[in-house]
Amino acid sequence: MTTEQRNIEIAEITVMMSTEGGRKFVSRILESTGVFVSSFDLDTHRHAYNAGKRQVGLSLIAELQQACPDKYLQLLEERNDD
């Protein structure tokens, strides 16, 4: 990926996170990945599934923190207010 392509991705993420609706959408995705809860399960297959979903969420958080850390913090504050 070129620097220009990465800059475009960062801009796209920032635009999405600049609206309340965009932040709510991302918050729902993060919630569905189980990133805010433990992935542990006694069933090893279920645990692996949960860990994989959670990794997607962690990757998304890393993207958000790089692209627009202030908007990610705003998302967390809004999530706590709900």
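Up top you'll find the structure we're talking about.
Residues numbered from 1 in each chain as written. Predicted model: local features only at pLDDT ≥ 70, side-chain atom pairs only at ≥ 80, totals over all residues. Heavy atoms only, no water.

### Some remarks on the pattern of salt bridges
Consideration 1: This structure, assessed with the given rule, holds five salt bridges.
Consideration 2: Ionic pairing is found between E63 and R6, a salt bridge with its closest N-O pair at 2.8 Å. With E63 in helix 3 (residues 44–67) and R6 in helix 1 (residues 3–17), this pair connects stretches of sequence that are 57 residues apart.
Consideration 3: Judged by relative accessible area, E63 falls into the partly exposed class, the value being 28%.
Consideration 4: For R6, a relative accessible area of 16% gives the class buried.
Consideration 5: In the salt-bridge network here, residues are joined through shared partners; they are R6, E9 and E63. (Salt bridge = Lys/Arg side-chain N within 4 Å of Asp/Glu carboxyl O. Helix = DSSP H or I, 4+ residues; strand = E, 2+ residues; numbered from the N terminus. Buried < 20%, exposed > 50% of the residue type's maximum accessible area, 1.4 Å probe, protein only.)

### Overview of the packing of aromatic side chains
Consideration 1: Under the criterion given, the structure shown has zero aromatic pairs.
Consideration 2: Seen from the ring of F36, R79 lies directly overhead, with NZ or CZ sitting 3.8 Å from the centre. (Phe/Tyr/Trp six-rings, centres within 6.5 Å; stacked < 30°, edge-to-face > 60°. Lys NZ or Arg CZ within 6 Å of the ring centre and 35° of its normal.)

### Some words on the nonpolar core
Consideration 1: Counting twelve residues, the largest nonpolar core consists of I10, I13, M17, V26, L30, V35, I61, L64, A67, C68, Y72 and L75.
Consideration 2: For this core, the secondary-structure elements that each account for two or more residues are helix 1, helix 2 (20–33), helix 3 and helix 4 (69–81).
Consideration 3: Here I61 is in contact with L30, V35 and Y72, once residues within four sequence places are set aside. (Core = buried A, V, L, I, M, F, W, Y, C linked by side-chain atoms within 4.5 Å. Contact = heavy atoms within 4.5 Å.)

### Observations concerning the environment of R23
Consideration 1: Checked against the element boundaries, R23 lands in helix 2.
Consideration 2: Spatially, the C-alpha atoms of R23 and C68 are 11 Å apart, while their sequence positions differ by 45 residues.
Consideration 3: In this view, R23 contacts M16, M17, S18, K71, Q74, L75 and E78; residues no more than four positions away in its chain are not counted.
Consideration 4: Among the polar contacts made by the side chain of R23, one reaches the side chain of E78 at a distance of 2.9 Å. (Polar contact = N/O pair within 3.5 Å; in protein donor to acceptor, adjacent residues only side chain to side chain.)

### What about the packing of helix 1 against helix 3?
Consideration 1: The N-to-C vectors of helix 1 and helix 3 enclose an angle of 95 degrees; their axes lie 9 Å apart at closest approach. The orientation of helix 1 with respect to helix 3, classified from their angle, is roughly perpendicular. On helix 3, the residues touching R6, I10, I13, T14 and M17 of helix 1 are E63, L64, Q66 and A67.
Consideration 2: Counted by class, the contact of helix 1 with helix 3 contains five nonpolar, two polar and two charged residues. (Axes fitted to C-alpha atoms, helices over the stretch in contact; angles between N-to-C directions. Parallel < 35°, antiparallel > 145°, perpendicular 65-115°, else oblique. Nonpolar A, V, L, I, M, F, W, Y, C, P; charged D, E, K, R; others polar.)

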